[in-house]
Each structure stands twice: as C-alpha cells, then as structure tokens.
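# Structural overview
Spelled out, the chains give:
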Amino acid sequence: MTRVGTVALNTFREAVRDRVLYNLAFFALVMMASAILVGQISVGIEQIVIVTLGLSAISIIGLLISVFIGVGLVSKEIEKRTLYALLAKPLRRWEFILGKFAGLALTLTVNTAAMSAGLFLALFYVKHSVERADTAVLVAVYFILLKLALVVALAMLFSCFTTPLLAILFTAGLYIAGLFVHEMRNMQASTIDPALGGLLRGISYVLPNFENFDVMGAAAHGRVISGMLIAQNTLYAALYCAMVLAVAVAIFSQRNLK
Amino acid sequence: MAEPAIDIENLTKDYPYGFLQLKKRRSLENLTMQVQAGEVFGFLGPNGAGKSTTIKLLMRLIFPTAGSARILGKPISDIAMHRDIGYLPEQPYFYDYLTAAEVLDYFARFHDFTAAERRERVQQMLKKVGLESAGRIQLRKYSKGMLQRVGLAQAILHDPAVVVLDEPMSGLDPVGRREVRDIILELKKQGKTVLFSTHILTDAEMLCDRVGVIVGGKLQGVGAPSELVGLKAQGMEILFELPGTVESGRELLAQATRTGDRYHLRVEESGLYAAMERLGAAGAKVLSVTQVKPSLEEYFMNLVEADRAQAAAVEVRATK
Amino acid sequence: MSEKSYIALLLFVLLGFGGVWRLQKCIDAQQSAVANEDDHLMLRSSKLVKGLSLEYAPLVADIYWTRVVQYFGNKQAGKQLDLRLLWPLLDVTSVLDPQLMPVYDFGSTFLSDAPPRGAGRPDLAVELLERGLRANPDEWRLYYDLGFVYYFDVKDYAKASEALYEGSKNPKALIWMKTMAAKIATEGNSAETSNFLWQDVYNTTKDPLVKQNALRHLQLLRAEEDLKQIDSLADEYQKRLGRRPVRMSELVQSGLLRGEPADPLGYLYILSKAGKAELNLKTPLRDKWFKEPASK
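Residues numbered from 1 in each chain as written. Chains lettered and ligands numbered in written order. Predicted model: local features only at pLDDT ≥ 70, side-chain atom pairs only at ≥ 80, totals over all residues.

### A closer look at the sheet that holds strand β2 (residues 23-35) of chain B
Sheet strands pair by backbone hydrogen bonding; their relative direction is either parallel or antiparallel. All names here are of chain B. Rules: Two strands pair under a simple rule: DSSP has to find at least two bridges between them. Under the DSSP-based scheme used, a helix requires at least four consecutive residues in state H or I and a strand at least two consecutive residues in state E, with every element numbered from the N terminus.
Ordered by their spatial adjacency, 4 strands build an open sheet running β2-β1-β4-β5, and the pairing between neighbours is antiparallel. A single partner strand is all that each edge strand has here, and the edge strands are β2 and β5 (74-75). Relative to β5, strand β4 (residues 66-71) runs antiparallel, the two being bridged by 2 bridges. Each residue of the ladder has a partner; that of Arg-70, found in β5, is Pro-75.

This is how it looks when you write it as structure tokens:
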C-alpha cells in the first residue's frame, strides 16, 4: 500500500472511532424524519421541504466536520507529537498532507452517503415512487461533497501556519465570502467608491466560488442538472483543491515543528 | 578511521521571537560532534540547553540556520536515510484511539515489510517492551510509562542501525527506567548506535560510552564520563558519631556537616590519619571512611554555573 | 443518595415545574403587551434575508412559507390578523425561492382580494405574479392567476384578456383559456365569466384556503344575481303600487315573490329603507373572512 494510502486509512479509522460522527449522522436522520412532518403543514410542498431540509442538514453537518476536523488534521498530530515519530519514518511531508486530506475526504464521502440514504428513504416514503427528477437530488449531494473537499483543503492550508482557532475563523470566513462572489463581481455598479469596487471585483476572481455548488433550488423542484455543469464543477473543485494543497504542502515543508 | 554514525558539523539554530518575530534567539551554536558506530552516546544538559533542538534538527523536524549533519554517511535531507534510523520523541502521546498493536502496525507500514513480517514484528516488539498483555487496549488508557514503552517499540521495530531517543527515561518510575536501560544495553550488544538525551546523570554514567554536555546552546565537553570528571579522587569522607560534648572535638565539629547524630567530615587524603587521631582522642565513634569520587553531577553543575555567570555578564554589558 | 433525598428531589422538581408554568403565564402576558405582530415576521428586507440565508435560501423560503400558512390559516375567533404583513412575507419568500409555486397561487388571491377578505392590493399581486413569470416562464398557471387579478380586482379587461391569451399559448394550459381571453376582450365584465372563473378555481385548487375563498366568491356572485333580481321585482312593485316596498313580505304579498328568498347560506334577504335589496345583516357573506385589523 502506498504511504499516502496508509496515512489516509489511518485518518479514516480515527474518524470512524470518533463518536461525534455517529451523533451527527443520527441528527441528520432525525432531520429527515421531521421534514416529513413539517411538509404536512402546507399542501404540495412536502417533497420540497424534505429535499431542502435534508440537503441543508447534510451541507451544514458536512461543513462542521470539514472545518473543525479539517483544521485538526495537522494541529492534532503536532499536539500529540504523533507527527514527530511519523516524520522520522521514510515519509515525505507532502505524502503526509495528501494522506490526511484523502482520509478526511473519504470520511466525508461515507458520512454524506449515509445521510443521503436517509434523505432518499424519506423522499420515497412520501412519494412512493422514484422519478428521473430525483437524480437532481443526487447531483446536489455530489456537489455538496465537492464543496466539502475544497473546504477541507482550505482548512488544512490555514492550519499549516496559524493556530487552530484562527484557522477555523479564516476557513469559515473564506467559505462565506465565497458564497457572495457574484455580488462582489457586480459591486462596481452600486458602490460609491470605484476603487473599492474594483478591488472587490479583483478579489472575487481569486476567491473560491462556492456558489457554483449551490443547486438546492433545482433539486427541490426536480429540475435536471446539466452534465456540463457536473463536469465543470468537478474540474473546478479538483483544480482549486490541487492548488490549495500545493500551497499547503509548500508551507508545511518549510515549517519548523517546535 | 571508520565513518561516524552521526556526524554533526557547525550546526546552528536561531529562533525568531518578539512582536514581529524580528529578534532572534540562538538556541544552538556551532555544534560539532560525532557519534561513532556502535557506541552509546549520552547527550546531557539542563532544560532548554539545546538537546531536543539538536535531535529535532537531526530528524528534520526543524531546519538548521547554518551547518550540516550526516547520519550513516547520508545527509539529513535524504529521506531514504530514515529507513535506518529510529526515533523516540519527547513525551509522546500517540494516537489515543488506537491500541498499541495498531499503532505499531501503522508505523511499521512505512517500512518495507510483508504483511506477515509486520505482524510478527509487532508481536515481537510488544513482548520486548513488556506490553504483550496490553496490546489490545486503546492508548488513551495507558499510563505515561506504557506510552514511553510504545514509543520505544516503534523506534526499534524496523531494526534500525541508529536509534535516537529524546529523554527516554522521562516520566518513568524506577522499574520503567531499569527496563529502558536494559533495552539500551541490549541495543548496544546488537551493535547499534544509540544517541539519547537525558538530564539524569546517573543513567548517563551507567550507560554511556561517551557523553556530550551542552549548556546554553554550546557544546561544553565531549568524552567518556570518567575522562571528563578526571580520575583523581577528591579526598576522603569520615562518617562518625560524637557522644557527649568534649572540648577537643569542637574545631572538628565546626568543619563537619551534621545530619541528626552523625557527622560527615571531609579531609584531604594526606590529612586522613591526623584527623582520625583527633577524632579518636575526642572519643568519636567512627562509622565509615569512604573515598570521595568525582561525579558527573559536579562537573555538570560547574559548567552550568559558568554558563550562567557568563550569561549574566553578557546581560550586564548589554544593558550598559 | 438515600430514599428520602430522592423523594425530596422529586418533590422539588415537581413543585419547580409548577412554579415555572405559573411564571410562564405571567411572562406570556407581559410579552403580548409588549410584542408587535410584526415581530413574528422575523426580517422584512428580502435582500437581507437572502444574503443571510447563504446557500440555504430554499430552506428559509420553506420556513417563511410555513409561517404564512400557519398565520393566515388561523381563523380562530379573537385572533387579530394583519393583512399588511402578507406582502412582506410573500415578497421575501418569492425572492428566496422563486420556484415555490404555492406562494404565487395563494399570494395572488389574497393580495388582490378586497378587504376584509384580502389585502386589497392588486398592484402587488400583479408584481408578485410578474416576478414569478420572470423566474418561471413555463408556468402557464401564473398567467391564469394574472388574468384573474386583472379581471376581478384591477378591472382592466384588456390586460386580463392578454394574460389569459399568453397563458393559453402553452400547450399544457387549460383549454378554455384562449376562448375566455376572446370573450373578455369583447364583453369585459360579465356574470357568466366571473362565475366560470371562480368555479374553475374552486374545482382545481389544492390549497384549502384558496378553495374556501373561491366558494365565498361564488356565493357572493350568486347573492349579487339574486339581489339584482329582487331589485327588478321591486321596480315592478313600484310601477304597480307607486311606491317602493320596504319589507320583503310586501313583495311576497304582492305575488311577485313566491317565498322570502334567502342567500346561499340560508339568511333571508332584506330591503333597505330606500327599497333596495340587501344582504341580511347577520349573514356571514357580509361578514369578515378575516377580522379587520383594529388599527384601521
């Protein structure tokens, strides 16, 4: 097995043994069940509520895991000095970073899949049928995963050179900023100071655009999502992740571990 | 002359500190030192002297400001060299959600073993460090001593030629210390090179072929323990009791140190018999006469004092 | 802990709950004195809410929508409902999720309907529907709703016809929309058209509130027809006897009416002092669907 794979699987094992993940998954399933009840309030929006509530739960829980555990990936190993013994082995620093990333990505995939299963069960319970339009929900879940991978990469990047708390704040801040890329780009029209508007526009091109992955509306109303968008988003996420991880590796390779 | 197992040349490390990280603190200065193959080398020094810094530099956990080092002939930047070295970090916690067997298995996977070999090695190591029965318990339930033993196990499980241990005795009870000592001696018997840092001087005296003493970031002395402290005895010590108060004994008493009813008196070897006569005349009961051997501790303390004096002088100059 | 301590603890907890419930009643009273119904709206600015929702806008839309349904479904006596809140709620919801169709259905009905049944703002209903059409150009039902609003409340028959016609172009639309467009274009307002349109809503809507509203409108239309008929009978009476009748019994006595007529809910029609036919003072048809806000 490759060294990256070894680190990845160990990271996955750690997540599996952490009871927090099970509680979160359970919470998500409770959400799905309650969505069925909530949907009864108004006529005709049962499915919409289940999908929106379900996807929101999956997204939020996924984000919490990505940010908090993502930041801890590197800092915990330093704190517990496991990293010290590890780096004395023939393991390169970049292999370590990549392995940790892959491990958490795997964890998120499994977790998200489990919660999505709950979502589809709830949907089936209400509709008693499966339609082509339901694939939109599947795509929405996939996009959530892409988004989470990017967040993990960012969390790792920040945790390589700041304290865990700051890393959490920066990652969360960057994520939220990334949801408003569209607004920033069009700021110039409404802002008083054109220089500020220009600056914001410039920033908007550098920021990771998390709006790309938002298809909750389409999934809720059963509109099919184009294969082109799926391919483009996948490529975007992969490319951006690679860039962020490359910078993280560069920083980590130079870091003095006190 | 055979190539040293560890060859350090002018290794220097500065740490930035202060508000904008502009000031520098020199924690290691121009360290030049060799550890020969097959010897047990003790790295001594007070806290903060630079022992851990040196070891971390060797392990490539931190990067030198200047200087270089080679292990087994390869530069420390060569990752392949790590196949032949084992390292025990200071006060390790390891992965508390894993069992000892799982931790060792994890670390073993970074070396080229087959699955069967790995399993066997892990069992062997657990036995060697006395954790066979605790192998399936999660590390979060381990005592400090047990964690130290796991650390030792992972350092030697791949049979490295060079073993580097950072404070291997810390936090261990006397039983644990004895066990670690035994393991180090066994490694020596196997012909391995062992470098370990400690501030327990008696351990160093017992185990090491040579020691290096580092104080204030500078190497103060290298050599066999006996060489460093000199073979010259420093006099004799008489242990006696003095019942009652006798006039003639009073000057002797003044020179002696008292513990309860007993007195210790130090005299030069040449003046031993004269002192004995006077004690006899005073009616003292002599309990024992022993040779005062020089200890590493005194040598050590002298160096520390000297360094402190120098540091104070530097400060005074700086404030002026 | 000993048994006695356990019992003491249990008693303490039970008494504590009693105290907590009493306190809660007092707090509730305090709150209702201070609170404004507006507070229930959470936030009004649609742009702000959309921004704060991050990427969960459709979920927040669902939450707002359930608020609307809960609030306006509450027909209990004594509950004050402020229809002025309807527009902000619908505004925010439709911005958060422009594809939430029940919003347009419900909104167009209750925004444009005259008070006390609705907010009496057909202009806002038109705005809402046009917003919906921009986001969902394929939803012919929005044209249907638009036609409705123009016909009944704005009373712009040209625009009503236009809307129904546009909607009819969609192959999924109701078959009659095209012909109705033509009819309204030529005739404008007519009882036949009005009846037909409300009947269609009654038959097709799934929203119970909208259905009840449609029924009410049908009943009112029926009553209007009845009143018109009674008026013409009263004119006849005047012709014959030289004065206007002042009581329904007079019309019956004169033989013009066979029995005293009642509205669709069973309340007898009355004659005003001026001899005009009117709804019974007690009939719910005259009455509030929603209670009028006190501060009007």
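After that view of the structure, there is still more to cover.
### Topic: the interface of chain B and chain A
Under the convention used in this document: In this description, any two residues whose backbone-derived C-beta atoms lie within 7 Å of each other are considered to be in contact. Amino acid classes used here: Ala, Val, Leu, Ile, Met, Phe, Trp, Tyr, Cys and Pro are nonpolar; Asp, Glu, Lys and Arg are charged; the rest, including Gly, are polar.
Tallying the contact residues gives 24 residues for chain B and 19 residues for chain A. Counting residues per element, the ones that place at least two in the side of chain B that touches chain A are β6 (85-88), α2 (100-108) and α4 (144-156) of chain B. The residue inventory of the side of chain B that touches chain A, partitioned by class, reads 17 nonpolar, 4 polar and 3 charged.

### Side note on unusual backbone geometry
Residues and elements named next belong to chain B. Its identity is not glycine, yet Asp-159 carries a phi of approximately 55°, on the positive side. Locating Asp-159 in the fold gives a position in the loop between α4 and β7 (162-166). You will see that Glu-167, though not glycine, has its phi angle at about 50°, which is positive. With respect to the element layout, Glu-167 can be found in the loop between β7 and α5 (174-189).

### Things to note about the packing of helix α6 (residues 135-159) of chain A against helix α12 (residues 227-254) of chain A
Residues and elements named next belong to chain A. Which entries qualify depends on this criterion: Orientation is described by axes fitted as lines to C-alpha atoms, over the contacting stretch for helices, and by angles from 0 to 180 degrees between their N-to-C directions. The cut-offs work like this: below 35 degrees is roughly parallel, past 145 is roughly antiparallel, 65 to 115 is roughly perpendicular, and the gaps in between are oblique. Crossing handedness is read from the near helix: turned anticlockwise from the far helix by less than a right angle, it gives a left-handed crossing, and turned clockwise, a right-handed one.
Interhelical geometry of α6 versus α12 gives an angle of 10° and a closest axis separation of 8 Å. Looking at the two axes, α6 sits roughly parallel to α12. The element α6 and its partner α12 pack so that their crossing is left-handed. Along its contact with α6, which presents Val-139, Phe-143, Leu-146, Ala-149, Leu-150, Ala-153, Leu-154, Met-156 and Leu-157, the element α12 presents Ile-230, Asn-233, Thr-234, Ala-237, Tyr-240, Cys-241, Val-244, Leu-245, Val-247 and Ala-248. Per-class residue counts for the contact of α6 with α12 are 17 nonpolar, 2 polar and no charged.

### Regarding the interface of chain A and chain C
With 18 residues of chain A in contact, the opposing surface of chain C contributes 15 residues. Counting residues per element, the ones that place at least two in the side of chain A that touches chain C are α3 (46-79) and α11 (216-220) of chain A. Residues of the side of chain A that touches chain C, tallied by class, amount to 11 nonpolar, 6 polar and 1 charged.

### Digging into the pairing of strand β8 (residues 193-198) of chain B
All names here are of chain B. Definition in use: Whether a residue is buried, exposed or partly exposed follows from its count of other C-beta atoms within 10 Å of its own C-beta, namely 20 or more, 12 or fewer, or something in between, respectively; the C-beta atoms are built from the backbone. By convention, a crossover is right-handed whenever its connection, traced from the first strand over the helix to the second and viewed with the strands pointing away, goes clockwise.
Among the 6 residues in β8, 6 count as buried, and that is most of the element. Of the two faces of β8, the one lined by Thr-193, Leu-195 and Ser-197 and the one lined by Val-194, Phe-196 and Thr-198 are each fully buried. Sheet topology places strand β3 (residues 40-44) next to β8; 5 bridges connect them, and they run parallel. Within β8, the position partnered with Gly-42 by the bridge is Phe-196. Two elements, β7 and β8, share 5 bridges in a ladder whose sense is parallel. Each bridged residue has a counterpart across the sheet, and for Leu-165 the counterpart in β8 is Phe-196. Between the parallel pair β7 and β8, the chain is carried across by α5, and the sense of this crossover is right-handed.

### A look at the packing of helix α6 (residues 122-135) of chain C against helix α7 (residues 140-154) of chain C
What describes two packed helices is the angle between their axes and the distance between those same axes. Residue and element names in this part refer to chain C. It is the contact of α6 with α7, at a shortest axis distance of 10 Å, that shows an interaxial angle of 165°. Comparing the axis directions of α6 and α7 gives the class roughly antiparallel. Crossing handedness for the pair α6 and α7: left-handed. Contacts between α6 and α7 involve Pro-122, Ala-125, Val-126, Leu-129, Gly-132 and Leu-133 on the former and, on the latter, Leu-142, Asp-145, Leu-146, Val-149, Asp-153 and Val-154. Its residues assigned to classes, the contact of α6 with α7 comprises 9 nonpolar, 1 polar and 2 charged.

### As for the confidence of the model for chain C
Residues and elements named next belong to chain C. We count it as follows: Per-residue confidence from the predictor is reported as pLDDT, which spans 0 to 100.
For chain C, per-residue confidence averages 82 on the pLDDT scale, and residues scoring 70 or more make up 89% of the total. Counted against residues more than four places away or in other chains, residues 75-79, with its pLDDT under 50, gives 1 contact. Reported confidences for the modelled complex are a pTM of 0.81 and an ipTM of 0.86.

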